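# Close look at the chain arrangement
Here's the letter readout for the chains.
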Amino acid sequence: MSSQHTRPAQQKDQQPNSSVSDSMRFAFLIENIASQKDRDAFAELFAHFAPRVKGYLMRLGASNGQAEEVTQDAMLSVWRKAHLFDRKKASASTWIFTIARNRRIDVLRQQKYPELDANDPSLVPDSPAQPDDEVIAERRGEMVRAALGKLPEEQRELVRLAFYNGWSHGQLAAETNLPLGTVKSRLRLAFGRLRQELGDDI
Amino acid sequence: MGENSSEGLQNLLQQYAAGSLNHGMAVLVASYVTLSSDARHRLEELESLNGVLLNEAEPVAVSPMMLEDLQRLLDEAPAAAEEKPVEEINEDLPLPLRQFLNQPIENGKWRFAYPGVRQMTLPIGDRGEKVKLLKIKPGKAAPRHSHDGVEATLVLRGAFSDGKRLFQRGDVAVADHDVKHRPRAQGDEDCICLAVTDGGVRFAGSIAHVARDFFAG
């Protein structure tokens, strides 16, 4: 994380939680790409996210070659779509996750992933923003991370398989050799705890 | 539809967030989150959970050439993005769905499905799922059937009731093989829904039962 840029994000490095400032740093880098085509910012984002995106793709069964191709493609999209990033809506890692997810489907299935369009006249708008919405968006990732960390490993792994791999209850039961009822009750427990931590309708 | 429905909805949003839905279901969910800010908010939560998991994922080294290759590509203008003109017809329908319709749905190829119910099959689907629009006349009901897979129905215009709950524009009913439901249009306008079915649909009950539903409409 060394670079000669001025770093407004660093002024907040005194915060006790380093992953919050990491997350702000990544958001700042994406914004710099958008505003000034900052190549160093891109290289720094690449160093952190490209290997993680590749790991994600391989976890979902991509070969090394496919994972390389989609990772490169996704990172190029990060550069090209940086102007669409809005830190009030999503953290940097969430935004990059959705890009990688969509590129994976676009490339491997040769089909555009259906997405909502923010300019769609039929879009039903959010209810007026609460004053602390911004804070919530900024910190949401951190809250989720903390909540996940508190789950017992058996629940955490199920959450990973259910959310990250996108397995249905039936698939989870088949792949883990757990009875369907056990899968459902463990996930419900995990979910209940996450909801408790996040105080939201996740 | 009680617990089954909320669990079914949760599964759909979760699998959309993960990118594991078939194309037809993904179109339905993208349409759903366009019409429901509540669903959109829940999806954002699920995506942020995936963002955290990505950040914590085991990194796998990428080819040392990749960054160099990318550095060369950064200045290239992207291939002219095929800007699809946004159709100005069917403007009340969500864009993820609207792009598959090239004429006002009133003029589409509606076919008889059941007394009081017409359907239009849409050319969407990559893994055997069936995607169609249903148009149910006021007071009429779609057939009672049970499903081997999952059926999700998004209300686009009008409203229907499954006997327990009213579903209005932007609401999704999810039925799995346990549920025998018979959506009946409410109010005085046609109810138009997007229905996506995974796997085969089989009719419940005896032939006589089916015939009775058929003639009763």
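Residues numbered from 1 in each chain as written. Chains lettered and ligands numbered in written order. Predicted model: local features only at pLDDT ≥ 70, side-chain atom pairs only at ≥ 80, totals over all residues. Heavy atoms only, no water.

So, about the overall build of chain B. Per the secondary structure count, chain B includes six helices and 11 strands. Across the 217 residues that make up chain B, the buried fraction comes to 52%. At a minimum sequence separation of 6, the contacts of chain B that also span at least 24 residues come to 68%. Surface accessibility of chain B: about 9,900 Å² in total, with carbon and sulfur atoms responsible for 51%. (Helix = DSSP H or I, 4+ residues; strand = E, 2+ residues; numbered from the N terminus. Buried < 20%, exposed > 50% of the residue type's maximum accessible area, 1.4 Å probe, protein only. Contact = heavy atoms within 4.5 Å. Areas by Shrake-Rupley, 256 points an atom, 1.4 Å probe, with all protein chains shown as cover.)

So, about helix α8 (residues 180-198) of chain A. All names here are of chain A. For α8, built from 19 residues, the straight-helix expectation of 27 Å at 1.5 Å per residue is met to within 8% by its first-to-last C-alpha distance of 26 Å. Residues of α8 that are buried: Val183, Leu187, Ala190, Phe191, Leu194 and Leu198. The arc enclosing the buried residues of α8, seen along the axis, measures out at 100°, which places them on a common side. (Expected span 1.5 Å × (residues − 1). Arc of directions from axis to C-beta.)

Right, let's talk about the pairing of strand β2 (residues 117-121) of chain B for a bit. Residues and elements named next belong to chain B. Direction of pairing for strand β1 (residues 111-114) relative to β2: antiparallel, over a ladder of three bridges. The residue bridging Tyr114 from the neighbouring strand is Val117, located in β2. Here β1 folds back onto β2 in antiparallel fashion, the turn holding two residues, of which Gly116 has a positive phi close to 85°. Both β2 and strand β3 (residues 130-136) contribute to a ladder of five bridges, which runs antiparallel. In the sheet register, Val117 faces β3, and the bridge partner there is Ile136. (Pairing = 2+ DSSP bridges.)

We now examine helix α2 (residues 23-35) of chain B. All names here are of chain B. Counted at 1.5 Å a residue, the expected span for α2 with its 13 residues is 18 Å, and the 19 Å between its end C-alpha atoms agrees. Burial runs high along α2: 13 of the 13 residues are buried. The backbone nitrogen of Gly24 has a side-chain oxygen 3.3 Å away, supplied by the residue at the start of α2, namely Asn22. (Polar contact = N/O pair within 3.5 Å; in protein donor to acceptor, adjacent residues only side chain to side chain.)

Going through the model one piece at a time under the given rule, you end up with 10 aromatic pairs over all chains. Their ring planes at 65° and their centres at 5.4 Å tell us that Phe85 of chain A and Trp95 of chain A sit as a pair that is edge-to-face. Linking Phe85 of chain A in the loop between α3 (64-80) and α4 (92-108) with Trp95 of chain A in helix α4, this pair joins segments that are 10 residues apart in sequence. By relative accessible area, which is 9% here, Phe85 of chain A ends up buried. For Trp95 of chain A, a relative accessible area of 11% corresponds to the buried category. Relative to Phe167 of chain B, the ring of Phe160 of chain B lies with its centre 5.2 Å away and its plane at 25°, an arrangement referred to as stacked. (Phe/Tyr/Trp six-rings, centres within 6.5 Å; stacked < 30°, edge-to-face > 60°.)

By size, the foremost hydrophobic cluster in this structure holds 98 residues, and its most contacted members are Leu45, Ile96 and Leu148 of chain A together with Leu133, Leu156 and Leu194 of chain B. Ile136, Ala142, Cys191 and Cys193 of chain B belong to the second-largest nonpolar core, a separate cluster that totals 13 residues. (Core = buried A, V, L, I, M, F, W, Y, C linked by side-chain atoms within 4.5 Å.)

Contacts between chain B and chain A engage 65 residues on the former and 66 residues on the latter. Interface area, chain B with chain A, both sides summed: about 5,900 Å², of which 58% is carbon and sulfur. Here chain B is connected to chain A by four salt bridges. The salt bridge partner of Asp120 of chain A is Arg98 of chain B, with a shortest N-O separation of 3.3 Å. Taken together, chain B and chain A are joined by 25 residue pairs in polar contact (both at pLDDT 80 or more). Residue assignment for the side of chain B that touches chain A shows that the elements contributing at least two residues are α1 (2-18), α2, α3 (37-56), α4 (65-73) and α5 (95-98) of chain B. With 18 residues, the single largest contributor to the side of chain B that touches chain A is α3 of chain B. (Buried area = accessible area lost by both parts, 1.4 Å probe. Salt bridge = Lys/Arg side-chain N within 4 Å of Asp/Glu carboxyl O.)

Residues and elements named next belong to chain A. This structure, assessed with the given rule, holds 18 salt bridges over all chains. The partner of Arg103 in a salt bridge is Asp73, with the nearest N and O atoms 2.5 Å apart. You can see Arg103 sitting in helix α4 and its partner Asp73 sitting in helix α3, a full 30 residues away along the chain. Residue Arg103 is classed as partly exposed on the basis of its relative accessible area, which comes to 22%. Accessibility expressed as a relative area gives 24% for Asp73, which makes it partly exposed.

What follows is about the confidence of the model for chain A. Confidence along chain A averages 84 in pLDDT terms, with 83% of residues attaining 70 or more. Predicted confidence for residues 1-16 of chain A stays below pLDDT 50, and this span has 19 contacts to residues more than four positions away or in other chains. (pLDDT = per-residue confidence, 0-100.)

Moving on: the sheet that holds β1 of chain B. Residues and elements named next belong to chain B. Ordered in space as β1-β2-β3-β10-β5-β8, the six strands form an open sheet in which the pairing is antiparallel. The open sheet has two edge strands, β1 and β8 (172-175), and neither has a second partner. Shown here is a sheet whose adjacent strand axes are inclined to one another by a mean of 30°, direction ignored. Here six bridges tie strand β5 (residues 151-157) to strand β10 (residues 191-197), and the two strands are oriented antiparallel to one another. Bridging from a neighbouring strand, Val155 pairs with Cys193 of β10. Of the strands in this sheet, β3, β5, β8 and β10 are in contact with α2, which crosses β5 at around 40°. (Axes fitted to C-alpha atoms, helices over the stretch in contact; angles between N-to-C directions.)

With that settled, the discussion passes to the packing of α3 of chain A against α4 of chain B. Direction vectors running N to C along α3 of chain A and α4 of chain B enclose 40°, while the axes themselves pass 11 Å from each other. Overall, the two elements α3 of chain A and α4 of chain B adopt an arrangement that is oblique. Between α3 of chain A and α4 of chain B lies a crossing whose hand is right-handed. Between α3 of chain A and α4 of chain B, the contacting residues are Glu68, Thr71, Gln72, Met75, Leu76 and Arg80 of chain A on the first element and Met66, Asp69, Leu70 and Leu73 of chain B on the second. Each residue belonging to the contact of α3 of chain A with α4 of chain B can be placed in one class, and the counts come to five nonpolar, two polar and three charged. (Parallel < 35°, antiparallel > 145°, perpendicular 65-115°, else oblique. Left-handed = near helix turned anticlockwise from the far one by under 90°. Nonpolar A, V, L, I, M, F, W, Y, C, P; charged D, E, K, R; others polar.)

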